[in-house]
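# Understanding the architecture of this molecule
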Amino acid sequence: MSKPVVLLAEQLSPATVDALGPDFEVRQVDGTDRPALLEALAEANAILVRSATQVDAEAIAAAPNLKIIARAGVGLDNVDTPAATKAGVMVVNAPTSNITSAAELAVGHIISLARHIPNANASMKAGDWKRSKYTGVELFEKTIGIVGLGRIGTLVVDRLKGFGVNLVAYDPYVTPARASQLGVQLLSLEELMAQSDFITIHIPRTPETTGLIGEAEFALAKPELRIVNCSRGGIIDENALRDALESGKIAGAALDVFVTEPPSNRDLLDQPNLQLTPHLGASTDEAQEKAGVSVARSVRLALAGELVPDAVNVAGGIIDEYVRPGIPLMEKLGQFLQGLIGASPVALDIEVHGELARYEVKALRLAALKGFFTNIVTEQVSYVNAPLLAEERGLDVRMNVDEDSDEYRNVLTLRATLSDGKTVSVSGTLTGVKQIEKLVGINGYSIEVPLAAHHLVMVYSDRPGVVALYGAALGEAGVNIAGMQIARDEEGGQALSVLTIDEPASDELLARLRDAIGASELHEIDIVES
Ligand SMILES: NC(=O)c1ccc[n+]([C@@H]2O[C@H](COP(=O)([O-])OP(=O)(O)OC[C@H]3O[C@@H](n4cnc5c(N)ncnc54)[C@H](O)[C@@H]3O)[C@@H](O)[C@H]2O)c1
Ligand SMILES: O=C(O)[C@H](O)COP(=O)(O)O
């Protein structure tokens, strides 16, 4: 069998390939070479990128076998996550891999700006010895404004504290209590612009933050202001920055990120009081190794059909070891329920009874939906797009979690409500040290049958001799019965037989069985392993 193809579209740490291991065919492509990328995507099951590869809707459409887009870093601006979600493709990043490196670069730029290190270096390399020209300023007792008190902003705060500075911040999504816990005073953007000697930016680029610092904001600044952006290009308006530097409105700036990368606007880049790095925030051995190993782990999980903690478009969250075995069981119950109803329900109740109720079980909801839609849509169904498929069909999905369970330690039940108000349900559990997956209920009938690949569910009026009838029909067709359980509502009432069989039953055999026992319901239910 051929190995899944993992495409490396950018320069990643060698630790990435080591962490992927031998189970994949690893291919390299230059993600910035568009035709080569689209061609390579045709056979890819996974793609690993940094920030230079555009994984947009066109790229995703060119990759019919793609299961996961892994960003070896933080920012996902180059990945069309909604398009990936629609196509059932998981998107993951490595959210904490490079935050220390990015924070350290920002602090480095602040110190370099204060002491003219890059310009002094360049001047000496050119043969000069100019001491007074490069007189700088101390950080001690200066006001430093942090825009964005998230992961990186907080690390910058921690690192700057040792310099004896006054720390202020602008972040409308952080509470004053959290800020004061960090030893930072929250201000409005205008106040921060007016009071700061240094500003460092650590926010995502969104429609709200694009051009956040422009002409109007620079108009409020002190002439001593030095501003650093190691987050995303365009948060500082590049034309307004050029004007502020050129006119001496502010003292200096440092940029690691640009609207277009690589940038070409020389009128900005050539400003003498602007220091530059080519998007180096994450470019350390440590960050690259952490990012590569982290996404390699996510790729392994995703290609094994498992939920991935770092997925950004899957609502499964962290999955406890106790919950994990319930996921494949719930997926199978989803398939089983679909096989029982063979129609589109209006509501789906997902019930978790027993000790499992003490854990985070959101992942079971995804598993139920994935199983339910697996055999009824042509597109790939994954944990990613299963909730979307439910939403598109107007399916009312409800989750009911309850610690009480009578007979078993845990019981998972899926209950569909059809448009005529009728309900159909199936329950399952895991038993013994081997955690055997068993069906323990169908439409309120108590049974106990291990789940298998092929099942027959028959409903008929309770009377002697029925087992012999269906046994004979199956025997004549050469279909072996592997397991069987019979239940009934009352003597002489409705009876239900569940059989596990070694191979699927043909339509002809199903018709014969129906006639032989006078079944009011007969379902052949096949479970596809995902
Ligand atoms: N230069 C690099 O190589 C490099 C490396 C890593 C991360 N980054 C970038 O750094 C940025 C920050 O990363 P992070 O991991 O700290 O993100 P984060 O999500 O942890 O924090 C972002 C913070 O920004 C705040 N925020 C959001 N909108 C805001 C607004 N309109 N005004 C003010 N604050 C706002 C949020 O409340 C949050 O606290 C991201 O853009 C990321 O892509 C760059
Ligand atoms: O968002 C990020 O992780 C950083 O901007 C780093 O991007 P890079 O992986 O292209 O260096």
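In the annotation of an unreviewed UniProt entry, the protein chain is listed under the name D-3-phosphoglycerate dehydrogenase and assigned to Pseudoclavibacter terrae. Looking at the protein chain in UniProt, the text filed under Sequence similarities (unreviewed entry) is "Belongs to the D-isomer specific 2-hydroxyacid dehydrogenase family." Under the UniProt heading Pathway (unreviewed entry), the entry covering the protein chain gives this text: "Amino-acid biosynthesis; L-serine biosynthesis; L-serine from 3-phospho-D-glycerate: step 1/3."

Looking only at helices and strands, the protein chain features 18 helices and 22 strands. Computed over C-alpha atoms, the radius of gyration of the protein chain comes to 31 Å, more than 25% over the 24 Å expected from 2.2 N^0.38 for 530 residues, which places it beyond the range of a compact globule. With the C-alpha coordinates aligned to their principal axes, the bounding extent of the protein chain is approximately 105 × 50 × 40 Å. Out of the 530 residues belonging to the protein chain, those deemed buried represent 42%. Once local pairs closer than 6 in sequence are excluded, the contacts in the protein chain between residues at least 24 apart make up 66%.

Time to look at the site of ligand 2. Close to ligand 2 lie Arg50, Ser51, Gly73, Val74, Gly75, Asn98, His279, Gly281, Ala282 and Ser283. Classifying every residue of the shell around ligand 2 gives two nonpolar, seven polar and one charged.

This part is about the pairing of strand S11 (residues 252-255). Of the two faces of S11, the one lined by Gly252 and Ala254 and the one lined by Ala253 and Leu255 are each fully buried. Note that strand S10 (residues 226-229) and S11 share four bridges and pair parallel. Across the sheet, Asn229 pairs through a bridge with Leu255, a residue of S11. Regarding topology, helix H11 (residues 238-246) serves as the crossover connection from S10 to the parallel S11, and that connection is right-handed. With three bridges joining them, S11 and strand S12 (residues 274-276) adopt parallel strand pairing. Looking across to S12, one finds that Leu255 is bridged to Leu276.

A few words now on the site of ligand 1. In the neighbourhood of ligand 1, 30 residues make up the surrounding shell, with Gly75, Gly150, Ile152, Tyr173 and Gly281 lying closest. Going through the elements one at a time, helix H5 (99-115) and helix H7 (151-160) are the ones with two or more residues in the shell around ligand 1. A breakdown of the residues in the shell around ligand 1 according to their chemical character gives 15 nonpolar, ten polar and five charged.

The pairing of strands in a sheet happens through backbone hydrogen bonds and is either parallel or antiparallel. The sheet built from five strands is open, its strands ordered S2-S1-S3-S4-S5 with parallel pairing. The outermost strands of the open sheet, each flanked by one partner alone, are strand S2 (25-28) and strand S5 (90-93). With direction set aside, neighbouring strand axes in the sheet form an average angle of 20°.

Between the first and last C-alpha of H5 there are 24 Å, a value that for 17 residues agrees with the 24 Å anticipated at 1.5 Å per step. Looking one or two residues beyond H5, the residue adopting positive phi is His116, at roughly 55°.

Right, let's talk about the environment of Ala251 for a bit. Relative to the elements of secondary structure, Ala251 occurs in the loop between H11 and S11. Here the alpha-carbon distance between Ala251 and Glu215, two residues 36 residues apart in the chain, equals 15 Å. Residues within four places of Ala251 in sequence aside, it is in contact with Pro223, Glu224, Leu225, Arg226 and Asn273.

Criteria and cut-off values
Residues numbered from 1 in each chain as written. Chains lettered and ligands numbered in written order. Predicted model: local features only at pLDDT ≥ 70, side-chain atom pairs only at ≥ 80, totals over all residues. UniProt positions renumbered as here; feature names shortened; annotations may be inferred. Helix = DSSP H or I, 4+ residues; strand = E, 2+ residues; numbered from the N terminus. Rg over C-alpha atoms; globule rule 2.2 N^0.38 Å. Buried ≥ 20, exposed ≤ 12 C-beta atoms within 10 Å, placed from the backbone. Contact = placed C-beta atoms within 7 Å. Near = placed C-beta within 6 Å. Nonpolar A, V, L, I, M, F, W, Y, C, P; charged D, E, K, R; others polar. Pairing = 2+ DSSP bridges. Right-handed = clockwise from strand over helix to strand, strands pointing away. Axes fitted to C-alpha atoms, helices over the stretch in contact; angles between N-to-C directions. Expected span 1.5 Å × (residues − 1).

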